[in-house]
Amino acid sequence: MERDLALFPQDGIGEYLWNAVSAGHDINQEREIEFTVIFKSHEQALKFGHLLLENNQKLSFCSFDGNPEHPWEVTAYPFISASYENIISYRHLLTESSAPFEGVFDGFYFQVN
C-alpha cells in the first residue's frame, strides 16, 4: 500500500498512524484514545480536570515522574476513531483549554487491535 500524505502526513502523528495501518490495524474503528496533558501544580491539574469533567469527559489524574517541571498529569479518554483529523482536533482542543492552567500537551496513545 502506498502512503497517502493527506491522510498520514510526515509528522509524529502521521508516522504513528501510518505504522499502525502498515501493521494491518484498523484505525477507523472507534476506540478509547489516551491524550495526556501535564501541569506545574496540583491545583492547575485539578482545575483542568474539573473542566473536562464538566464537559462529560472520562479522565484520570495522577503524579507524573517524566518531567520534574510538570509533575502532574491529566489524561482524557475520548472514544473516537484514530484518524489524523480526530487526533489533531482533540489535541488542539486540549491544548487550547489547558492553556489558562499552563498545561503542556504530552502525547497520545491507543491500543491497536
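Just so it is clear, the structure is predicted and the values come from calculations on it, not from any experiment. (Residues numbered from 1 in each chain as written. Predicted model: local features only at pLDDT ≥ 70, side-chain atom pairs only at ≥ 80, totals over all residues. Heavy atoms only, no water.)

S.K.: Just to check I follow, could you spell out the environment of isoleucine 38 for this structure?
M.R.: Here isoleucine 38 shows up in strand 2 (residues 34–39). Residue class for isoleucine 38 comes out buried when judged on its relative accessible area of 2%. Linking isoleucine 38 and glutamate 102, residues 64 residues apart in sequence, is a C-alpha distance of 8.7 Å. In contact with isoleucine 38, other than residues within four places in its own chain, are Phe64, Asn67, His70, Trp72, Glu73, Glu102, Gly103, Val104 and Asp106. (Helix = DSSP H or I, 4+ residues; strand = E, 2+ residues; numbered from the N terminus. Buried < 20%, exposed > 50% of the residue type's maximum accessible area, 1.4 Å probe, protein only. Contact = heavy atoms within 4.5 Å.)

S.K.: Help me out: how do you make sense of the packing of aromatic side chains in this one?
M.R.: The way to describe two aromatic rings as a pair is by their centre distance and the angle between their planes. Counted by the stated rule, this structure contains 10 aromatic pairs. Among the aromatic residues, ring-to-ring pairing joins Tyr16, Phe35, Tyr90, Phe105, Phe108 and Phe110 into one connected group. Above the plane of the ring of tyrosine 77 lies lysine 58, whose end atom (NZ or CZ) is 5.5 Å from the centre. (Phe/Tyr/Trp six-rings, centres within 6.5 Å; stacked < 30°, edge-to-face > 60°. Lys NZ or Arg CZ within 6 Å of the ring centre and 35° of its normal.)

S.K.: Sorry, what's going on with the side chain of histidine 70 here?
M.R.: Inspection of the secondary structure puts histidine 70 in the loop between strand 3 (59–63) and strand 4 (72–76). Excluding residues that lie within four positions of it along the chain, histidine 70 makes contacts with Ile38, Phe39, Lys40, Phe64, Glu102 and Val104.

S.K.: Would you take a moment to explain the nonpolar core for this structure?
M.R.: The tendency in soluble globular proteins is for nonpolar side chains to be buried as a group. The biggest cluster of nonpolar side chains holds 25 residues, and the ones touching the most others in it are Leu17, Ile27, Ile33, Phe35, Phe48, Ile87 and Phe110. Among the elements of the structure, helix 1 (12–22), strand 2, helix 2 (42–54), strand 4 and helix 3 (84–98) are those that each provide at least two residues to this core. At five residues, helix 1 tops the list of elements feeding residues into this core. Isoleucine 87 has contacts with Ile13, Leu17, Ile33, Phe35, Ala82, Phe108 and Phe110, leaving out every residue within four places of it along the chain. (Core = buried A, V, L, I, M, F, W, Y, C linked by side-chain atoms within 4.5 Å.)

S.K.: Would you take a moment to explain the sheet that holds strand 2 for this structure?
M.R.: The strand order across the open sheet built from four strands is 3-4-2-6, with neighbouring strands paired in antiparallel fashion. The open sheet has two free edges, formed respectively by strand 3 and strand 6 (104–109), since each of these has just one partner strand. The mean inter-strand angle of the sheet, taken between neighbouring strand axes irrespective of direction, is 20°. Both strand 2 and strand 6 contribute to a ladder of five bridges, which runs antiparallel. Residue phenylalanine 35 lies in a different strand from strand 6, and its bridge partner there is phenylalanine 108. Contacting strand 2, strand 4 and strand 6, helix 3 runs over the sheet at an angle of about 25° to strand 2. (Pairing = 2+ DSSP bridges. Axes fitted to C-alpha atoms, helices over the stretch in contact; angles between N-to-C directions.)

S.K.: Would you mind showing me how to read the pattern of salt bridges here?
M.R.: Any two side chains of opposite charge can pair, on the condition that their charged atoms come close. Taken as a whole and judged by the stated rule, the model has four salt bridges. Close ionic contact of glutamate 32 with lysine 58 constitutes a salt bridge, the shortest N to O distance being 2.8 Å. A residue pair is termed long-range when its members are at least 10 positions apart, and glutamate 32 in strand 1 (residues 31–32) and lysine 58 in the loop between helix 2 and strand 3 qualify at 26 residues. Lysine 58 sits in the partly exposed class, given a relative accessible area of 47%. One salt bridge connects glutamate 43 with lysine 47, and the closest N-O pair in it is separated by 3.1 Å. Taken as a pair, glutamate 43 and lysine 47 lie in helix 2 at a separation of four residues, close to a single helical turn. The class of glutamate 43 is partly exposed, set by a relative accessible area of 49%. (Salt bridge = Lys/Arg side-chain N within 4 Å of Asp/Glu carboxyl O.)

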